[in-house]
Amino acid sequence: MPGNRRSDRVPILGDLHGEIMVFEPLQVKELAADGATIETAFPLPLNSLHDLRLTLGTNVVVVKARVVHSHVGEMGENAVRYRSGVEFVEPPAYVGAAITEFLEKLRER
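Only a predicted model underlies this, so the values are computations on that prediction, with no experimental measurement involved.

*Asks:* Help me understand the pairing of strand 5 (residues 80–88) in this model?
*Replies:* Within a regular strand, side chains alternate between the sheet's two faces. In the sheet, strand 2 (residues 35–40) pairs with strand 5 via six bridges, with the strands oriented antiparallel. Each bridged residue has a counterpart across the sheet, and for Ile-38 the counterpart in strand 5 is Ser-84. Relative to strand 5, strand 4 (residues 59–75) is paired through nine bridges, and the arrangement is antiparallel. From the neighbouring strand, Arg-66 faces strand 5, where its bridge partner is Glu-87. Joining the antiparallel neighbours strand 4 and strand 5 is a turn of four residues.

Below, the structure is given as C-alpha cells:
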C-alpha cells in the first residue's frame, strides 16, 4: 500500500540495472588464516569479490574474499563442481581471530 512508504517511488524511464546477492551453499576444502579453497556448483570469475559466511564451530563469520583461481573440480553424472582459491580481503580483527582459533582447534585433533 502506497500510504505505508516513507518516500515516493520515482519511475525509471531508461534502463537501471542492478544485481541481487544471494547466499549459495559452498564447501570449504582447505582453510588458512589468509584464504581458503572452496567448492561451488557454479564458476566464480577471477578477481571477483564475494562475501563468504563461514560456520567455524559455534562461531559464524562473514569475510570478504577475492577469487585468485578457479577450475572444474569434479564432474558427476548430473552436476559439475568448481574449485576456487580465494584470499580474504582485509578481514576485521575478530574474523581473523575466529579463523585462527578454529584452525588451532583443528590442529589439536
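The discussion continues.
*Asks:* Can you help me understand the sheet that holds strand 4 in this one?
*Replies:* Pairing between the strands of a sheet comes from backbone hydrogen bonds, and it takes one of two forms, parallel or antiparallel. Taken in spatial order, the five strands of this open sheet run 1-2-5-4-3, and their pairing is antiparallel. The open sheet has two edge strands with one neighbour each: strand 1 (27–32) and strand 3 (49–56). If you compare each strand with its neighbour and ignore which way they point, the axes differ by 35 degrees on average. Pairing between strand 3 and strand 4: eight bridges, direction antiparallel. Within strand 4, the residue paired with Arg-53 across the bridge is Val-62.

*Asks:* What is the right way to read the pattern of salt bridges from this model?
*Replies:* Should their charged atoms come close, side chains of opposite charge can pair. Going through the model one piece at a time under the given rule, you end up with five salt bridges. Two residues, Lys-105 and Glu-101, come together in a salt bridge whose shortest N-O distance is 3.4 Å. Taken together, the positions of Lys-105 and Glu-101, both in helix 1 (residues 93–108) and four residues apart, correspond to about one turn of that helix. Look at the salt bridges and you will find they share partners, linking Glu-39, Arg-81 and Arg-83 into a network.

About the cut-offs
Residues numbered from 1 in each chain as written. Predicted model: local features only at pLDDT ≥ 70, side-chain atom pairs only at ≥ 80, totals over all residues. Heavy atoms only, no water. Pairing = 2+ DSSP bridges. Helix = DSSP H or I, 4+ residues; strand = E, 2+ residues; numbered from the N terminus. Axes fitted to C-alpha atoms, helices over the stretch in contact; angles between N-to-C directions. Salt bridge = Lys/Arg side-chain N within 4 Å of Asp/Glu carboxyl O.

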